[in-house]
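One letter stands for each residue in the lines below.
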Amino acid sequence: MKYKGAAIQYDCRFMDKEKNLTELTELVRQAAGQGAKLIVLPETCATGYYFDGMEQATEMAEPIENGRTARLLERLARELDCYLVAGLPESDGERLYNSAVLVGPEGLIGRHRKMHHYVPDSTWAKTGDEPVKVFNTPIGAIGIQICMDLSYPEGPRLSRLMGAQVVCSPMNWYEATIPSAIWLTRAKENGMYIIASNRHGKEKGYEFCGGSGIIDPEGRVVSCHPCGDGIALAEIDLELQPDRSDIPSRRPELYRELQLQRYPWYQSQYYQVYASKPLLQGDLFLAAVCSMEPERREGDLTAVKKAILQAGERGDRLLVLPELVIGGVPDGPQQAQRIAIQEGDPVWGELSRMAMENHVDVILGFVLEENGKLWNAAGCLCEDGSRYYYRKSHLTEREAQWAEAGDRAGLILDRPYGRIAVLLGNEIFITEVPRLLANSGCDVFAVPAVENPSCPSGCPEVQQEVERYHLARVRANENNTYAVFAAQKGMSGIFGPDMFSVPRNEVVLNERGFAELAMDTRFIMTDEGGNPAVNPVREKPMLGTRHTTWYDKLIEETNCVL
C-alpha cells in the first residue's frame, strides 16, 4: 500500500484556541487537497505549551471523547477521508495529560498520553499512565510518540515490536540541527516511518525550531519543511523493505536487566552502597580515538604501535582503535581462520607491554580463535598489565558466516578513571545494548568499528546537516554516557553525554588520524562559573526518567523480526 503522509508545521498563539483551530483547519484542508491520507499536527497544537501551572492548563484542556478539538478533527477526517494525529492538553476528571489523538473517517481511533516528559510538562501534566499502543487502521499500523518520547529509544522500539509501520510524533522541539538526528535514528534502527510534526516560532521567550519532516525506514529524510507555517509531504510506502543486512538481529534473552530502574536515586547511594560493583570516584582524564586502515597480522603493527606511543606522549588514559584493525575484515570462514589470533599469541604480550609503558588502556578489534571457534572480538589491554577479551554478541548476516556469537551484551571494565563499556561496530545500532551498559553505571562507550553507521539523505534541504549525522552521538546523548567511536573508514569521533549541551562537547575525525577529548567522570563536577554541579555522566537523567513499568515487551520474544 502507498499513500501520502503529511507533517503540518505551525506557530500557534498561546491560549487562543479559536484562532489556532481556524488556521489549523485550513492547513489540514491544504494537506488533504495535496492528496495526504495521514496528516500529523504539532504537540498542543491549538493551545500553546508553556503553561504556568495546572490552573492555566485546565482552561485549555479538554476531554478526548466529545471534546471540542477531537470533535473538530473527527469532522475533518470524515469530510476529507483522511487520518489525523494531533496533540492537545487532555482533561480526565482532575487529571491533566499531554496527549495526542488519532482520528479517521470512522471517528476516534485512540490516544497516546506522553510517557516521557520534558521539564515544562511537569508544571501541569501527569506522566502518561497507559502502555504504548499501536492502532491497526486501513492505512496500516500506526503508533504515536509525543516529542520527548522520541528521545528515549524504548517507546519507538515498543511501537515497532507491536507492529507499527508508521510512528506519528506531534512536537514542540528545539534543536540546532534539524531534522534531528534522533528522528533519523528512530526510523533507521526500527525500520519504520517517522512523521515528525514540529512547531516553529517562540512562546514566552522559548523557541521552537520547525524542520518538520518525514523519514523513511532507511533513515532518509524524504520531505522536510525547514521554517515557517507549511506542510512536509511525502509518499508512505508500506511495501518498502529496508536493507537491514548491516544491522544485527536483537537478542531479547540478553536484555533482562532493562526492566531495572537503577537511576531514581543519587548514584553516590546506589552505586556506592548497594551495587555489587561500586563505582570508583571518577576523574578528569583524556580519551583518544585513532582511525586507521587495518594492518596485516604478519606485519609489525606499525600503525597500532605508533598510536599507542602517541597516546602515551599526550597523557591519554584510554585509546580506542578500530574493529578488526589487526588482520582486516574477513570475506568468509577461510580468511577469518588465516588471520585469527589466540589469547596466548605473543602479539598480546608485546602490545600489553607498550600499554603499560605508556600508561594507557588500549581497546582494539581482531578475529579471536579459541578451541577451533572464531569470534569477532575486542582486545582490552590495560595499563596495569591485565587483559580482557570481548566476543561480539550481536552479529550481522555477513559476520555470522564466520563468527560465533558471544553470550553477553557488551563488556564492562572498571578502570581508576571510570567504568568503560566495550561494544563492537554495528552493535551500536541495537538500542538495547548501549542502554544495558549505561544502566550498569558505565561512563564511556568504547566502540571499535569498521565504519560509521550512517543515515542517507534524500532531501536537498537537509543534505548538509545529515552529512554530520553520527549514531554514536545519539547513543552518547540518550544514555548520558561518553562515546569513543573508532572506525577504519568514515567518521570517527568522541561524543559528549549531554544532548542539551550547546555547543556540543565532541571531537570528530572525518579522515584517518588521531583525536582526543577531555572527560569528567567525577560525581560532582565544576560548571563554567567554577561552582559545584551534578555530573550527568554519573546521575544519568535520561535513565532516571525511564518508565520501566511499560517496557516488558523489550525482553520478550515477539513476532516482529528486528
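Here, the structure is the one placed above.
Residues numbered from 1 in each chain as written. Predicted model: local features only at pLDDT ≥ 70, side-chain atom pairs only at ≥ 80, totals over all residues. Heavy atoms only, no water.

*Asks:* Would you mind showing me how to read the pattern of salt bridges here?
*Replies:* Should their charged atoms come close, side chains of opposite charge can pair. Scanning the model with the defined rule gives 46 salt bridges in all. Among the ionic pairs, aspartate 11 bridges to arginine 199, the shortest N-O distance being 3.4 Å. Residue aspartate 11 is located in the loop between strand S1 (2–9) and helix H1 (17–33), and its partner arginine 199 is located in the loop between strand S9 (193–198) and strand S10 (200–203); the two are separated by 188 residues in the primary sequence. Glutamate 432 serves as the salt-bridge partner of arginine 250, at 2.9 Å between the closest nitrogen and oxygen. Of this pair, arginine 250 sits in the loop between strand S14 (230–237) and helix H6 (267–274) while glutamate 432 sits in helix H10 (residues 432–439), and the two are 182 residues apart along the sequence. (Salt bridge = Lys/Arg side-chain N within 4 Å of Asp/Glu carboxyl O. Helix = DSSP H or I, 4+ residues; strand = E, 2+ residues; numbered from the N terminus.)

*Asks:* Would you mind going over the packing of helix H5 (residues 181–190) against helix H12 (residues 471–479) with me for this structure?
*Replies:* The axes of two packed helices give the description: the angle between them and the distance between them. As a packed pair, H5 and H12 sit with axes 10 Å apart at the nearest point and diverge in direction by 105°. Considered as vectors, H5 and H12 are oriented roughly perpendicular to each other. When H5 is examined against H12, the residues Ala181, Ile182, Thr185, Arg186 and Glu189 are found in contact with a partner set consisting of Leu471, Val474, Arg475 and Glu478. Taken together, the residues of the contact of H5 with H12 sort by class into 4 nonpolar, 1 polar and 4 charged. (Axes fitted to C-alpha atoms, helices over the stretch in contact; angles between N-to-C directions. Parallel < 35°, antiparallel > 145°, perpendicular 65-115°, else oblique. Contact = heavy atoms within 4.5 Å. Nonpolar A, V, L, I, M, F, W, Y, C, P; charged D, E, K, R; others polar.)

*Asks:* How should I be thinking about the environment of glutamate 427 in this particular structure?
*Replies:* Looking at the secondary structure, you find glutamate 427 in the loop between strand S21 (418–422) and H10. The class of glutamate 427 is buried, set by a relative accessible area of 0%. Non-local contacts of glutamate 427, meaning those with residues more than four positions away in its chain, are made with Pro248, Tyr390, Lys392, Ser393, His394, Val433 and Pro434. Within the structure, the side chain of glutamate 427 is placed 2.9 Å from the backbone nitrogen of leucine 424, a separation counted as a polar contact. (Buried < 20%, exposed > 50% of the residue type's maximum accessible area, 1.4 Å probe, protein only. Polar contact = N/O pair within 3.5 Å; in protein donor to acceptor, adjacent residues only side chain to side chain.)

*Asks:* Looking at this structure, I do not really get the environment of alanine 232. What am I missing?
*Replies:* Mapping alanine 232 onto the fold places it in strand S14. Sequence separation between alanine 232 and alanine 77 is 155 residues; the distance between their C-alpha atoms is 19 Å. Filtering out sequence-adjacent residues up to four positions away, alanine 232 remains in contact with Gly5, Ala6, Ala7, Ser212, Gly213, Ile214, Ser223, Cys224 and His225.

*Asks:* Help me understand the sheet that holds strand S13 (residues 221–225) in this model?
*Replies:* Through backbone hydrogen bonds, the strands of a sheet pair up, either in parallel or in antiparallel fashion. One open sheet accounts for 6 strands, arranged S6-S7-S8-S9-S12-S13; its pairing is mixed. Since the sheet does not close on itself, it has two edges, and those belong to strand S6 (134–137) and S13, each with one partner. Averaged over all adjacent pairs, the angle separating strand axes in this sheet is 15°, with direction ignored. By the bridge criterion, 4 bridges tie S6 to strand S7 (residues 140–144) in an arrangement that is antiparallel. The partner of threonine 137 across the bridge, within S7, is glycine 140. Here H5 sits on the sheet in contact with strand S8 (166–171), S9, strand S12 (212–215) and S13, set at roughly 155° to S9. (Pairing = 2+ DSSP bridges.)

*Asks:* Hey, could you run me through the layout of surface pockets in this one?
*Replies:* Unoccupied space between atoms shows up once a probe the size of one water molecule is rolled over them. Its boundaries defined by the atoms lining it, the largest pocket holds a volume of some 1200 Å³. Looking at the largest pocket, it is lined by 46 residues, and the ones nearest its centre are Asp498, Met499, Phe500, Ser501 and Val502. Elements represented by at least two residues in the lining of the largest pocket include exactly H5, strand S11 (206–209), H12, strand S26 (513–520), strand S27 (524–526) and strand S28 (532–534). Here the residues of the lining of the largest pocket are counted per class, giving 26 nonpolar, 10 polar and 10 charged. (1 Å grid on protein atoms, 1.4 Å probe; cavity = no way out; pocket = protein on both sides within 12 Å on 5 of 7 lines; lining within 4 Å. Points joined across faces, edges and corners; volume = space filled by probe spheres on them.)

*Asks:* Teacher, can you tell me more about the sheet that holds S26 here?
*Replies:* The strand order S19-S18-S17-S16-S15-S26 describes an open sheet built from 6 strands, whose pairing is mixed. Each edge of the open sheet carries a strand with a single partner, namely strand S19 (387–391) and S26. Pairwise comparison of adjacent strand axes, ignoring direction, gives a mean angle of 30° for this sheet. Pairing geometry for strand S15 (residues 284–291) and S26, over 8 bridges, is antiparallel. From the neighbouring strand, leucine 286 faces S26, where its bridge partner is alanine 518. Contacting S15, strand S16 (318–320), strand S17 (361–370) and S26, helix H7 (residues 302–314) runs over the sheet at an angle of about 40° to S26.

*Asks:* Looking at this structure, how should I read the packing of aromatic side chains?
*Replies:* We describe a pair of aromatic rings using the distance from one ring centre to the other and the angle between the two ring planes. Throughout the structure, instances matching the rule amount to 11 aromatic pairs. Relative to tyrosine 206, the ring of tyrosine 50 lies with its centre 4.3 Å away and its plane at 15°, an arrangement referred to as stacked. On the criterion of sequence distance, the pair formed by tyrosine 50 in the loop between strand S2 (36–40) and helix H2 (54–60) and tyrosine 206 in strand S11 is long-range, its members being 156 residues apart. Members of the aromatic cluster, each reached through a chain of ring pairs, are Tyr49, Tyr50, Tyr206 and Phe208. Cation over ring: arginine 113 sits above tyrosine 97, and NZ or CZ is 3.7 Å from the ring centre. Residue placement shows arginine 391 over the ring face of tryptophan 375; its charged tip is 5.3 Å from the ring centre. (Phe/Tyr/Trp six-rings, centres within 6.5 Å; stacked < 30°, edge-to-face > 60°. Lys NZ or Arg CZ within 6 Å of the ring centre and 35° of its normal.)

*Asks:* Which parts of the structure should I look at to understand the pairing of S19?
*Replies:* Regular strands place their side chains on alternate faces of the sheet. Pairing of strand S18 (residues 373–381) with S19 involves 5 bridges; the strand directions are antiparallel. Its bridge partner lying in S19, cysteine 380 is registered against tyrosine 388. Counting the residues between successive antiparallel strands, the hairpin from S18 to S19 contains 5 residues, one of them, glycine 385, with a positive phi of roughly 95°.

*Asks:* Explain the nonpolar core here, please?
*Replies:* The nonpolar side chains of a soluble globular protein tend to be buried with one another. By size, the foremost hydrophobic cluster in this structure holds 84 residues, and its most contacted members are Leu38, Val166, Trp173 and Trp183. For this core, the element with the highest residue contribution is H5, accounting for 5 residues. Non-local contacts of valine 166, meaning those with residues more than four positions away in its chain, are made with Tyr3, Leu38, Ala141, Ile142, Gly143, Tyr193, Ile195, Ile236 and Leu238. In this structure, Ala307, Trp348, Leu351 and Met354 belong to the second largest nonpolar core, which totals 28 residues. (Core = buried A, V, L, I, M, F, W, Y, C linked by side-chain atoms within 4.5 Å.)

*Asks:* Honestly, the side chain of serine 99 in this entry has me stumped. Any pointers?
*Replies:* Along the chain, the position of serine 99 falls in strand S4 (residues 95–104). A distance of 2.7 Å separates polar atoms of two side chains, one belonging to serine 99 and the other to glutamate 90. Excluding residues within four positions of it along the chain, serine 99 makes contact with Ala86, Gly87, Leu88, Glu90, His112, Arg113 and Ile146.

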